[in-house]
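Read off the chains here:
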Amino acid sequence: MTAADTPLIGDFPSPAEARLDGARIGVVTFPGTLDDRDAARAVRLAGGTAVPLWHADQSLHGVDAVILPGGFSYGDYLRAGAIARFAPVMTTIVSEASAQQAESPLPVLGICNGFQILTEAHLLPGSMIKNDHLKFICKDQVLRVENTATPWTAQFTQDELIAVPMKNQDGQYVVSAAELEQIEAEGRVVFRYVGENPNGSRNHIAGVTNPRGNVVGLMPHPEHAVEAGYGPDDATGMRSGTDGLTIFTSVVGSLAGGK
Amino acid sequence: MPTIVVEVMPKPEILDPQGKAIANALPHLGFTGFSGVRQGKRFELSVDGEVTEEVLASARRAAEEMLSNPVIEDVVSVSVEQDAA
């Protein structure tokens, strides 16, 4: 069984136009990953080809970009993402994503637990601790897209507001005061929570990027808002929100050489 | 068999939500007189044989690089405990 060939209940075909089979996006599965199938599905709906990657396999099988999906890798033992960081696949991802010489280092997106893994792997600054109110959050969350220069956000407009689901317990983003000042000054906050701070995150930060802009991490789940009927409620109707899809069409478009 | 004990605590400047929740719950059971709680972690690393300087140095490195996350936590002690048995 692979993530690529198991249809969900209520499955229906993705839009036929603009299928860019050239863009191959790897989706990593660790023990305890939950959202790999949703992420793979989002890639396909965006016109890309989803390639399942396995934590114990060092090869990235020639993919053009990688998604670390959400879940509870290794049961969140030690700290969320702390054990997954040492998986063989991460060695290759870290080296290709941080290749300073490369003209275009590997685009990597970490969602929720994937974001936590990217901070533990030192690809992104900061860390996540328990939500300040200690409760598990499960709700739709409005975010502002503040950086559209990354391959994952290129098709958003600056300061666009999007609504995507959010579900986590360790979602409070913390970072040293000096680093916080630096990522703010460099415009590396990619997503910010709009309205009340849902978890105590510093400066309402929901997602950040690295200095090169190829690695992006965010706590909420864009892959759960890619298909009408299964997304957040919006102005057009119940569960009609598909704001998350733009993240996946952005990377597919960036890899195809355009926007 | 000797054990190396590593203790890790959240950094003082990081609000510890778990500790705060425990502090709030203590009075409900009649435990008054505690003004705050901070919750950390204790790791016990078993060693087959003697704890040499080399083994201890390796434990210190593990404590810094894996058992703690320097962004949010401090390693407060790495010590050796001899098992009485």
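Conventions we followed
Residues numbered from 1 in each chain as written. Chains lettered and ligands numbered in written order. Predicted model: local features only at pLDDT ≥ 70, side-chain atom pairs only at ≥ 80, totals over all residues. Helix = DSSP H or I, 4+ residues; strand = E, 2+ residues; numbered from the N terminus. Rg over C-alpha atoms; globule rule 2.2 N^0.38 Å. Buried ≥ 20, exposed ≤ 12 C-beta atoms within 10 Å, placed from the backbone. Contact = placed C-beta atoms within 7 Å. Nonpolar A, V, L, I, M, F, W, Y, C, P; charged D, E, K, R; others polar. Pairing = 2+ DSSP bridges. Axes fitted to C-alpha atoms, helices over the stretch in contact; angles between N-to-C directions. Core = buried A, V, L, I, M, F, W, Y, C linked by C-beta atoms within 7 Å.

Asker: Sorry if this is basic, but what is going on with the overall build of chain A here?
Answerer: Counting its secondary structure elements, chain A contains five helices and 11 strands. Its C-alpha radius of gyration of 17 Å places chain A within 12% of the 18 Å reference for a compact globule of 259 residues. Scored against the burial criterion, the 259 residues of chain A give a buried share of 55%. At a minimum sequence separation of 6, the contacts of chain A that also span at least 24 residues come to 73%.

Asker: Explanation requested: the overall build of chain B in the structure shown.
Answerer: Helix and strand content of chain B: two helices and three strands. Counting from the amino terminus, helix and strand elements in chain B follow one another as β-α-β-α-β. Over its C-alpha atoms chain B spans a radius of gyration of 16 Å, topping by over 25% the 12 Å that the globule rule assigns to 85 residues. Its C-alpha atoms give chain B principal-axis dimensions of about 45 × 35 × 15 Å. Burial analysis of chain B (85 residues in total) assigns 16% to the buried set.

Asker: Can you help me understand the interface of chain A and chain B in this one?
Answerer: Listed by partner, the interface residues are 11 residues for chain A and eight residues for chain B. For the side of chain A that touches chain B, the class distribution of residues is four nonpolar, three polar and four charged.

Asker: Can you walk me through the sheet that holds strand S4 (residues 108–111) of chain A in this structure?
Answerer: Two orientations exist for strands paired in a sheet by backbone hydrogen bonds: parallel and antiparallel. Residues and elements named next belong to chain A. Taken in spatial order, the nine strands of this open sheet run S2-S1-S3-S4-S11-S10-S9-S6-S7, and their pairing is mixed. Sheet topology places strand S2 (49–54) and strand S7 (160–168) at the edges, where each strand pairs with a single neighbour. Strand after strand, the sheet turns through a mean of 20 degrees between neighbouring axes, direction not considered. The pairing of strand S1 (residues 24–29) with S2 spans six bridges and is parallel. Directly across from Gly26, in S2, lies its bridge partner Val51.

Asker: So what exactly am I meant to see when it comes to the nonpolar core here?
Answerer: If you look at soluble globular proteins, the nonpolar side chains tend to sit buried side by side. Membership of the largest hydrophobic core comes to 74 residues, with the highest contact counts inside it found for Ile25, Val27, Val43, Val66, Val108 and Phe248 of chain A. No other element matches helix H5 (residues 245–255) of chain A, which puts six residues into this core. Residues Ile4, Val8, Ala59 and Ala63 of chain B belong to the second largest nonpolar core, which totals seven residues.

Asker: What is the right way to look at the environment of Ala23 of chain A in this model?
Answerer: Residue and element names in this part refer to chain A. For Ala23, the location among the structural elements is in the segment before S1. Sequence separation between Ala23 and Val43 is 20 residues; the distance between their C-alpha atoms is 9.4 Å. With residues near it in sequence (within four places) discarded, Ala23 still touches Gly48, Thr49, Asp64, Val252, Leu255 and Ala256.

Asker: Help me understand the sheet that holds strand S1 (residues 3–10) of chain B in this model?
Answerer: Residues and elements named next belong to chain B. Read across the sheet, three strands follow the order S2-S1-S3 without closing on themselves; strand pairing throughout is antiparallel. Because the sheet does not close on itself, it has two edges, and the strands there are strand S2 (41–46) and strand S3 (73–81). Put simply, the sheet's adjacent strands are angled 20 degrees from each other on average, direction ignored. Across eight bridges, S1 lies against S3 in antiparallel orientation. From the neighbouring strand, Pro10 faces S3, where its bridge partner is Glu73. Of the strands in this sheet, S1, S2 and S3 touch helix H2 (residues 53–67), which is tilted by about 30 degrees from S1.

Asker: What's the story with unusual backbone geometry in this structure? I'm lost.
Answerer: One can expect most non-glycine residues to show negative phi and most peptide bonds to be in trans. Residues and elements named next belong to chain A. Here the phi dihedral of Asp159 falls at roughly 65 degrees; this positive angle occurs in a residue that is not glycine. Examined against the element boundaries, Asp159 turns out to sit in the loop between strand S6 (137–145) and S7. Given 10 C-beta atoms within 10 Å, Asp159 falls into the exposed group. Not every positive phi belongs to a glycine, and Asn203 is a case in point at roughly 50 degrees. A count of 14 C-beta atoms within 10 Å places Asn203 in the partly exposed class.

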